[in-house]
Amino acid sequence: MTSVTLAPTAPETAAGPETHLVRRYVPAQQVIHWIGVISFFLLLLTGVALLFPPLSFLAKGGTSGVIHRIGAIAFILLPALYLLRMPRKALELVRESFTYGREELAWFKHMPGYFLGSTRNLPPQGRLNAGQKLHHAATFLMFNTVTLSGLIMWFGKGQLGPEGLSAVVIVHDISMLGLSVAMIGHVYFTFLYGALSGMVTGKVSEDAPNGT
Amino acid sequence: MPTRYAFSIDLDRCIGCQACVISCQAGNELKDDETYIHVGEQIRGSGKTLWGSFDHHRCFHCADAPCVAACPTGTLSKWNGLTIVEKEKCSACGYCTDACPFKVPHIVDNHVSKCVACLDQVKEGQAPWCARTCPSQAIHFGERETILAEARAKVAALKARHPNAQIYGETQLGGLGLLMILLDKPEVYGLPLDPKAPETMKVWQSVVQPASSGLSVLAAGAMGLMFVFARRQHGKERAEHERAAKQKAALQTAQPKATETHHD
Ligand code: HEM
């Protein structure tokens, strides 16, 4: 869940051997990030087995349903784990994600270019750029809708009736779509701006992110 | 024209003996605690106004079966008017338990549990176990048209004793594959007058499900295409930037003093 896209806001300069690396993530953040990745894709795969008929053979026997629930527990507990293990970092992430200022508005004007690989003339940003803030807000919202609808399906099964079931599954499916699109964008920017190493080694080049 | 089979259950003839329940369990090799048929009773009033009837709670084999629409794995499907079950496909998701307006399917041992219409028997030209076993001939099975005609005749005969007698299932949900001959109004038996699959079910099945998988794939494809272009642009800008940085560095090492004064 902790979807800190590490997309530098300025072009990576002279990424030669002399580039200075600075630590952006502590190991616990990396571990939480990768638990999130694994649980998300398990949930997606075992969920889509019910959504997309050609994959329904994956759901035979009910094992996929059990995996979906195990993934769900990990997925739901992640924010709590983050908060308990690193309360300050977690709260900082939330605070930063939901703070918008003039720079963000300026950044949004350059968003189309940023999507297309151009970082020229981007206004300077803090630790998170405006696009990441938007991404965090959307993820926060859909994390809650997917979790709530999922728990209702899990524990309410058999008591929901046709209306209840379809309403809840519709919320679950739309949240799944939203989270998938957010995930595609997340992966896209990670590879476009070569930011994967941030979550693998925990380190990024000094001049990549601003204000670390 | 494929055959359309149906059951009928005549609640005037039913003696509540549970023979259908037992033969169904035995014939389908169910565990002791699993049953496809529940036979209960309805009792009203007392003394002279005492009224009673047995009732059966079991799959109605709806033509437009909401359970079949909701089933994501093809475990439940329609075959010649019957709602059949391929247990080995079941994922135990339980959507059918909520989709059924009669609350018939259950999850037992990680798979759906409901009447399987004794498909093997029927395919061999035999009636299902319940219909074959019933000692009072309350359960019939055959072509729906024949079964319906029989049921109409029976209701006509019942009217003298039971003015509210009627067939349940002639039209509901596209016509049920189990016609229940009732002695009184459906409400008395707790049967819904107009069972329906709500609009939201159709929205889920025919709009939300295909749209969410389709749009996800579309987004991935579009981003993939965009990636090729964007990566090239980013590389170009990076090269430009590097060139500028190198030039600046070269200038600085060549005439450090001069550049400094320049900048001042
Ligand atoms: C976070 C907590 C979550 C819980 C508690 C949860 C629970 C459930 C449950 C109970 C079902 C019904 C099927 C079954 O019983 O196995 C389901 C279906 C599904 N889930 Fe989840 N889920 C969660 C998160 C997610 C996530 C993150 C995704 C995808 C990104 C996802 C995708 C799906 C899909 C696609 C379906 C099938 C919906 C359909 O049939 O239309 N779920 N989920």
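Conventions used here
Residues numbered from 1 in each chain as written. Chains lettered and ligands numbered in written order. Predicted model: local features only at pLDDT ≥ 70, side-chain atom pairs only at ≥ 80, totals over all residues. Heavy atoms only, no water. Helix = DSSP H or I, 4+ residues; strand = E, 2+ residues; numbered from the N terminus. Rg over C-alpha atoms; globule rule 2.2 N^0.38 Å. Contact = heavy atoms within 4.5 Å. Areas by Shrake-Rupley, 256 points an atom, 1.4 Å probe, with all protein chains shown as cover. Lys, Arg positive; Asp, Glu negative; His and termini not counted. Charge placed at Lys NZ, Arg CZ, Asp CG, Glu CD. Expected span 1.5 Å × (residues − 1). Bend = angle between axes of the 7 residues up to and from the residue. Buried < 20%, exposed > 50% of the residue type's maximum accessible area, 1.4 Å probe, protein only. Buried area = accessible area lost by both parts, 1.4 Å probe. Salt bridge = Lys/Arg side-chain N within 4 Å of Asp/Glu carboxyl O. 1 Å grid on protein atoms, 1.4 Å probe; cavity = no way out; pocket = protein on both sides within 12 Å on 5 of 7 lines; lining within 4 Å. Points joined across faces, edges and corners; volume = space filled by probe spheres on them. Nonpolar A, V, L, I, M, F, W, Y, C, P; charged D, E, K, R; others polar. Donors = N, O, S within 2.8 Å, 3.2 Å for Na, K, Ca; no water. Tetrahedral: all angles 85-135°; square planar, octahedral: opposite > 155°, others 65-115°. Near = heavy atom within 4 Å. Polar contact = N/O pair within 3.5 Å; in protein donor to acceptor, adjacent residues only side chain to side chain. Sits in = over half its atoms within 2 Å of the grid points. Domains from an automatic or database assignment.

Section: the overall build of chain B
Moving on, step 1. On a plain count of helices and strands, chain B comes out with 8 helices and 10 strands.
Moving on, step 2. Expected size for 264 residues packed as a compact globule is a radius of gyration near 18 Å; at 33 Å, chain B overshoots this value by more than 25%.
Moving on, step 3. Summarising its shape, the C-alpha atoms of chain B cover approximately 120 × 40 × 40 Å along the three principal directions.
Moving on, step 4. Across chain B, the fraction of contacts at a sequence separation of at least 24, relative to all contacts at a separation of at least 6, is 57%.
Moving on, step 5. Split by element, the accessible area of chain B, about 13,900 Å² in all, is 56% carbon and sulfur.
Moving on, step 6. Of note, chain B has its 29 positive side-chain charges centred 5 Å away from the centre of its 28 negative side-chain charges.

Quick word on helix H2 (residues 63–85) of chain A
Residue and element names in this part refer to chain A.
Moving on, step 1. Its 23 residues place the ends of H2 32 Å apart at the C-alpha level, agreeing with the 33 Å of an ideal helix rising 1.5 Å per residue.
Moving on, step 2. Along its length, H2 shows its largest kink, about 40 degrees, at Leu78, and proline Pro79 lies within four residues downstream of that point.
Moving on, step 3. Among all positions of H2, only Ser64, Gly65, Gly71, Ala72, Phe75, Leu78 and Tyr82 are buried.
Moving on, step 4. Against helix H1 (27–51), helix H3 (87–97) and helix H6 (130–156) lie the buried residues of H2.

Points about the interface of chain B and chain A
Moving on, step 1. Across the contact, 39 residues belong to chain B and 44 residues belong to chain A.
Moving on, step 2. Both sides of the chain B and chain A interface together cover about 3,800 Å² of buried area, and 65% of this is carbon and sulfur.
Moving on, step 3. When the area that chain B buries against chain A is broken down by residue, the three leading residues are Asp98(B), Met223(B) and Glu237(B), summing to 16%.
Moving on, step 4. The tally of links between chain B and chain A comes to 2 salt bridges.
Moving on, step 5. Arg120(A) serves as the salt-bridge partner of Glu237(B), at 4.0 Å between the closest nitrogen and oxygen.

Some remarks on empty space enclosed by the protein
Residue and element names in this part refer to chain B.
Moving on, step 1. Across all of its chains, the model carries 6 cavities of 30 Å³ or more by this definition.
Moving on, step 2. Computed from the structure, the largest cavity encloses a volume of approximately 100 Å³.
Moving on, step 3. Taken together, 14 residues line the largest cavity, and the ones lying closest to its centre are Cys59, Phe60, Cys62, Cys67 and Cys100.
Moving on, step 4. A breakdown of the residues in the lining of the largest cavity according to their chemical character gives 11 nonpolar, 2 polar and 1 charged.

So, unusual backbone geometry
Moving on, step 1. The backbone phi angle of Gln18(B) is positive, close to 75 degrees, even though this residue is not glycine.
Moving on, step 2. Backbone geometry at His61(B) places phi at a positive 50 degrees, although glycine is not the residue there.

A few points about the coordination of the iron atom of the ligand
Six octahedral donors around a metal ideally sit at 90 or 180 degrees from one another, while four tetrahedral donors ideally sit at 109.5 degrees.
Residue and element names in this part refer to chain A.
Moving on, step 1. Protein-derived ligands of the iron atom of the ligand are His68 (NE2) and His172 (NE2), with the metal-ligand distances lying across 2.0 to 2.1 Å.
Moving on, step 2. If you look at the iron atom of the ligand, its 6 donor atoms make angles of 85 to 179 degrees with each other, and the shape they trace is octahedral. Within this pair, whereas His68 is found in helix H2, its partner His172 is found in helix H7 (residues 161–192), the two being separated by 104 residues in sequence.
Moving on, step 3. Residue His172 is classed as buried on the basis of its relative accessible area of 15%.

Considerations on the site of the ligand
Moving on, step 1. As a structural note, the neighbourhood of the ligand is formed by 28 residues, with His68(A), Arg69(A), Lys157(A), His172(A) and Asp173(A) the closest of them.
Moving on, step 2. With respect to the ligand, the chains having nearby residues are chains A and B.
Moving on, step 3. Taking His172(A), its side chain carries an N or O atom lying 2.8 Å from a nitrogen atom of the ligand.
Moving on, step 4. With respect to the pocket detection grid, the ligand is positioned in the largest pocket.
Moving on, step 5. Elements with a contribution of two residues or more to the shell around the ligand: H1, H2, H6 and H7 of chain A together with helix H7 (199–254) of chain B.
Moving on, step 6. At 7 residues, H1(A) tops the list of elements feeding residues into the shell around the ligand.
Moving on, step 7. Here the residues of the shell around the ligand sort into 18 nonpolar, 7 polar and 3 charged.
Moving on, step 8. Each of domain 1 (23–87) and domain 2 (129–205) of chain A gives at least three residues to the shell around the ligand.

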